[in-house]
Protein chains: 2
Amino acid sequence: MDLLLTYDVDTTTPEGRRRLRKVAKLCEGYGLRVQKSVFEIVADEVDLLQLIDDIDNIIDADSDSIRIYRLPHGGFENVRTMGVAQLQAHRQDLVL
Amino acid sequence: MDLLLTYDVDTTTPEGRRRLRKVAKLCEGYGLRVQKSVFEIVADEVDLLQLIDDIDNIIDADSDSIRIYRLPHGGFENVRTMGVAQLQAHRQDLVL
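Residues numbered from 1 in each chain as written. Chains lettered and ligands numbered in written order. Predicted model: local features only at pLDDT ≥ 70, side-chain atom pairs only at ≥ 80, totals over all residues. Heavy atoms only, no water.

An unreviewed UniProt entry annotates chain A as CRISPR-associated endoribonuclease Cas2 originating from Actinomadura rubrobrunea. The UniProt entry for chain A carries the following comment under Subunit (unreviewed entry): "Homodimer, forms a heterotetramer with a Cas1 homodimer." Recorded in UniProt for chain A, the comment headed Cofactor (unreviewed entry) runs: "Mg(2+)". (UniProt positions renumbered as here; feature names shortened; annotations may be inferred.)

What follows covers the overall build of chain A. Counting its secondary structure elements, chain A contains 2 helices and 5 strands. The helix and strand sequence of chain A, counted from the amino end, reads β-α-β-β-α-β-β. Against the compact-globule benchmark of 12 Å for 96 residues, chain A has a radius of gyration of 14 Å, which places it among compact chains. When the backbone C-alpha atoms are referred to their principal axes, chain A occupies close to 40 × 35 × 20 Å. The proportion of buried residues among the 96 residues of chain A is 45%. (Helix = DSSP H or I, 4+ residues; strand = E, 2+ residues; numbered from the N terminus. Rg over C-alpha atoms; globule rule 2.2 N^0.38 Å. Buried < 20%, exposed > 50% of the residue type's maximum accessible area, 1.4 Å probe, protein only.)

Counting residues at the interface gives 41 residues for chain A and 41 residues for chain B. Across the chain A/chain B interface, buried area totals approximately 3300 Å², and carbon plus sulfur atoms make up 55% of it. Among the residues chain A hides against chain B, the three largest losses belong to Arg67, Arg80 and Met82 of chain A. Together they make up 25% of the total. Linking chain A to chain B there are 6 salt bridges. (Contact = heavy atoms within 4.5 Å. Buried area = accessible area lost by both parts, 1.4 Å probe. Salt bridge = Lys/Arg side-chain N within 4 Å of Asp/Glu carboxyl O.)

This brings us to the pairing of strand S3 (residues 38-42) of chain A. Residues and elements named next belong to chain A. Counting buried positions along S3 gives 4 out of 5 residues, so the element sits mostly inside the fold. With 5 bridges connecting them, strand S1 (residues 2-8) and S3 associate as antiparallel partners. Paired with Leu5 across the strands is Phe39, a residue of S3. What sits between strand S2 (residues 31-35) and S3 in their antiparallel hairpin is a turn of 2 residues. (Pairing = 2+ DSSP bridges.)

Note on the copies: chain A fits chain B at an RMSD of 0.0 Å, the axial shift is 0.0 Å, and the rotation between them is 180 degrees. Both copies are brought into coincidence by an operation consistent with a two-fold rotation axis. (Least-squares fit on C-alpha atoms with pLDDT ≥ 70 in both.)

In the UniProt entry, the feature "binding site: Mg(2+)" (unreviewed entry) is given for Asp8 of chain A. With respect to the helices and strands, Asp8 of chain A occurs in strand S1. Not counting the four nearest positions on each side in its chain, Asp8 of chain A is found in contact with Asp64 and Ser65 of chain A together with Gln35 and Lys36 of chain B.

What follows concerns the sheet that holds S2 of chain A. Pairing is antiparallel in the open sheet, where 5 strands are placed in the order S2(A)-S3(A)-S1(A)-S4(A)-S5(B). Unpaired on one side and paired on the other, S2 of chain A together with strand S5 (79-83) of chain B mark the two borders of the sheet. Strand-to-strand twist of the sheet, defined as the mean angle between neighbouring strand axes without regard to direction, takes the value 20 degrees. Examined bridge by bridge, strand S4 (residues 65-70) of chain A and S5 of chain B share 5 bridges and lie antiparallel to one another. (Axes fitted to C-alpha atoms, helices over the stretch in contact; angles between N-to-C directions.)

Structural data, given as structure tokens:
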């Protein structure tokens, strides 16, 4: 599955920045960090449940917000970018 | 079209916060702000071109990043949420 995970966390506090770093590190195991708190993730249902479980242990459920959207197949390529945003190649795209 | 727009902007500066406010106001004309810089947008191709044009006049193209993903039909309902995130009803969902 191609997924888009967005994380809303207060980065004005050291604790918030620490949680963002931890979530980013986790998500980068499954895909790419395309913005400070937006991640393109490739995962099957089992990976996703594991990821959700791991994230659950990091975030502050009383203040943070995580949203995980399912994209259509090829959804990472079908994105309009503006400013410094760029299309980014996922690992599987690089296989010859 | 159901779209997801994510905006990466440095909110540690007053100028960045001002741009975020302006982009948010624009996007809220087409949908919902579901996180500080994530917007669920319903737009046809004409609306989208207008929105892109308007955003282009607000953002700093040398530092800000905008990504606009196309979601599958019903993609706003097919989202996993964690923490304080919630499913949010779009206007068209409320029509009886």
